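Residues per chain, in single letters:
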Amino acid sequence: AATDMANLGGAELECGALGEALRCLTRATRSLASLGRMPDLARSLANLASLLAWVGDRGAARDTARRAEEAAATVGDVVAQAFARAIAADALDDGRAAGEALLAAAQSLLDAGDEERAAEARARALRHFVRANAIDEAQRIGPTLTAEGAMIALARAELCLAGRTP
């Protein structure tokens with residue numbers, strides 16, 4: 001039931017039902033921790049960290065991502081570990097530092113075989129570099145993006161320049 005609740009929370013997060021996602025992921029995380037189910041706990045924590053970052057609670061997102069990374073490292077889940085690193089990086093306050101950390105996380109995700117999340121991390125790095133007016137760093141990312149990743153990055157960069165947060 002705890003794993004199902006974590007999966008439901010992840011689905012709710014992807015659908016944008018943030019309140020329901022928070023309820024499900026919080027409940028699942030507590031249950032999985034009490035059961036000692038580390039593989040599922042790592043992924044549930046990573047999703048919870050992503051949600052916390054999405055709603056703007058950067059401190060809680062960084063802390064939860066750190067816990068997710070530790071849980072993932074314990075069970076050898078390199079994808080969850082790299083995803084947690086990307087979330088923690090995205091929640092950093094310094095744009096240049098966030099961009100660099102996201103590029104490192106993107107490489108870890110790529111090494112772990114998760115090309116989709118790696119492209120997302122590179123697009124997020126570009127967003128942070130644009131916000132920080134770090135144009136040289138932003139231009140360095142261009143050649144590393146796939147066509148799909150480049151479109152995502154371009155849309156996010158345009159939103160940043162327009163003063164909106166994607």
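Conventions we followed
Residues numbered from 1 in each chain as written. Predicted model: local features only at pLDDT ≥ 70, side-chain atom pairs only at ≥ 80, totals over all residues. Heavy atoms only, no water. Helix = DSSP H or I, 4+ residues; strand = E, 2+ residues; numbered from the N terminus. Buried < 20%, exposed > 50% of the residue type's maximum accessible area, 1.4 Å probe, protein only. Core = buried A, V, L, I, M, F, W, Y, C linked by side-chain atoms within 4.5 Å. Contact = heavy atoms within 4.5 Å. pLDDT = per-residue confidence, 0-100. Salt bridge = Lys/Arg side-chain N within 4 Å of Asp/Glu carboxyl O.

Draft legend 1. Local environment of unusual backbone geometry. In the Ramachandran plot, Asn133 falls in the positive-phi region, its phi being about 60 degrees despite a non-glycine side chain. Within the secondary structure, Asn133 sits in the loop between α7 (115-131) and α8 (135-141). Looking at Asn133, the relative accessible area reads 57%, which means it is exposed.

Draft legend 2. Examining the nonpolar core more closely. Formed by 32 residues in total, the largest nonpolar core has its most connected members in Ile87, Leu102, Leu109, Ala125, Phe129 and Ile141. Residues in contact with Leu102, not counting those within four places in the same chain, are Ala86, Ala89, Asp90, Ala121, Arg124, Ala125 and His128. The next biggest cluster of nonpolar side chains, apart from the first, holds eight residues, and it includes Leu13, Leu25, Leu48 and Leu52.

Draft legend 3. Here's a closer look at the confidence of the model for the chain. Taken as a whole, the chain shows an average pLDDT of 85; of its residues, 85% reach a score of 70 or greater. Taking the mean pLDDT of every element in the chain, the minimum, 63, falls on helix α9 (residues 147-161) and the maximum, 93, on helix α4 (residues 58-75).

Draft legend 4. Structural detail: the pattern of salt bridges. As enumerated under the stated definition, the model contains 13 salt bridges in all. Between Arg85 and Glu69 there is a salt bridge, and its shortest N-O distance comes to 2.9 Å. Here Glu69 lies in helix α4 and Arg85 lies in helix α5 (residues 78-90), a separation of 16 residues in the sequence. Its relative accessible area of 30% is what places Arg85 among the partly exposed residues. For Glu69, a relative accessible area of 22% puts it in the partly exposed group. Among the ionic pairs, Arg124 bridges to Asp90, the shortest N-O distance being 2.5 Å. In this pair, Arg124 is assigned in helix α7 and Asp90 in helix α5, connecting sequence segments 34 residues apart. It is possible to trace a salt-bridge network through shared partners that takes in Asp90, Glu120, Arg124 and Arg127.

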